[in-house]
Amino acid sequence: MLVRSLTQRIRLDGDLKRPVTYLSRRTGAKPKIEASTGETVPNGGGLEALCAEIGDCRGCGLASLRHNLVFGEGSEHAELVFVGEAPGEDEDAQGRPFVGRAGQLLTKIIGAMGLKREEVYICNILKCRPPGNRNPQPDEIAACEPFLIRQLQAIQPRVICALGTFAAHTLLKSEAPISVLRGRFHEYQGIPLMPTYHPAYLLRNPGAKKQVWEDIQMVMKTLAIRGQGAEQ
Ligand code: SF4
């Protein structure tokens with residue numbers, strides 16, 4: 001209920017034009033970012049503080065089904081953030097994002113970019129696993145999205161890469177197919193956002209690796225990194 005009440009309070013304060021001071025950093029002032037609902041949500045502290053705040057979140061029905069909440073991992077100073085859909089079985093078991101087969105493929109892609117996992121940041125739209133890896137439900141996304149917004153606030157990356165349909169749809173507020181969205185930069189709160197296929201999709205459709213690599217090369221060009229060569 002913590003997240004639901006937080007979201008409701010943000011909405012209420014936005015309606016009343018009140019400053020949302022309970023999310024403010026005590027020191028420092030990173031640029032403000034707009035929540036999807038249109039409210040201004042000041043930066044809410046670093047990742048560590050946010051992770052502690054999420055704690056044993058009971059904001060949606062997935063809480064009672066998870067083994068571990070998967071907050072995200074990587075550098076708080078990352079220039080590139082990958083946003084996926086939700087934890088799967090391996091991630092739920094380990095409490096870490098993208099550690100199963102799809103995660104291993106993402107790690108290879110990151111390596112082909114000339115980067116290490118710890119140099120980027122990796123997280124998901126949902127922090128808890130939907131049963132049987134079903135699609136995230138709208139109420140679950142609404143409950144969990146404030147956490148993602150605040151992760152992105154804390155990191156302020158130069159580029160966001162949205163992995164798969166749900167990440168792209170949630171961040172861009174678009175319902176266009178990922179096949180239409182990918183292949184060009186969009187914008188999320190002034191940050192270039194590249195949608196591309198989810199690594200799990202690539203495991204089922206290896207022919208799409210070429211398109212993903214094209215998308216990733218555009219990300220690399222924006223970040224001015226040379227990489228190690230095409231992902232295999
Ligand atoms: S998915 Fe998000 S909102 Fe739902 S219980 Fe997990 S952390 Fe909380």
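Please refer to the structure higher up on the page.
Residues numbered from 1 in each chain as written. Predicted model: local features only at pLDDT ≥ 70, side-chain atom pairs only at ≥ 80, totals over all residues. Heavy atoms only, no water.

*Asks:* Just checking my understanding: could you explain the packing of aromatic side chains for this structure?
*Replies:* Each aromatic ring pair is described using two quantities: the centre-to-centre distance and the angle formed by the ring planes. If you walk through the whole model with that rule in mind, you get 1 aromatic pair. When the ring of Y197 is compared with that of Y201, the centres are 4.7 Å apart and the planes differ by 25 degrees; the resulting orientation is stacked. Assessed through its relative accessible area of 29%, Y201 is described here as partly exposed. (Phe/Tyr/Trp six-rings, centres within 6.5 Å; stacked < 30°, edge-to-face > 60°. Buried < 20%, exposed > 50% of the residue type's maximum accessible area, 1.4 Å probe, protein only.)

*Asks:* I keep staring at the pattern of salt bridges and nothing clicks. Help me out?
*Replies:* A side chain with one charge may pair with a side chain of the opposite charge, provided their charged atoms come close. With the rule as written, the count across this model stands at 11 salt bridges. In this structure, the salt-bridge partner of R66 is D56, at a minimum N-O distance of 2.7 Å. Placement of R66 in the loop between α2 (47-54) and β3 (73-74) and of D56 in the loop between α2 and β3 is noted, with a sequence separation of 10 residues between them. Given a relative accessible area of 14%, R66 falls into the buried group. R96 is the partner of E73 in a salt bridge, and the nearest nitrogen-oxygen pair spans 2.8 Å. A residue pair is termed long-range when its members are at least 10 positions apart, and E73 in strand β3 and R96 in the loop between α3 (89-94) and α4 (101-112) qualify at 23 residues. (Salt bridge = Lys/Arg side-chain N within 4 Å of Asp/Glu carboxyl O. Helix = DSSP H or I, 4+ residues; strand = E, 2+ residues; numbered from the N terminus.)

*Asks:* How should I be thinking about unusual backbone geometry in this particular structure?
*Replies:* Leaving glycine out, the prevailing phi sign among residues is negative, and the prevailing peptide bond configuration is trans. You will see that N133, though not glycine, has its phi angle at about 60 degrees, which is positive. With respect to the helices and strands, the residue N133 is situated in the loop between β5 (121-124) and α5 (138-155). In this model, A224 sits at a positive phi of 60 degrees, which is unusual for a non-glycine residue. For A224, the location among the structural elements is in the segment after α9 (209-223). You can call A224 exposed: its relative accessible area is 67%.

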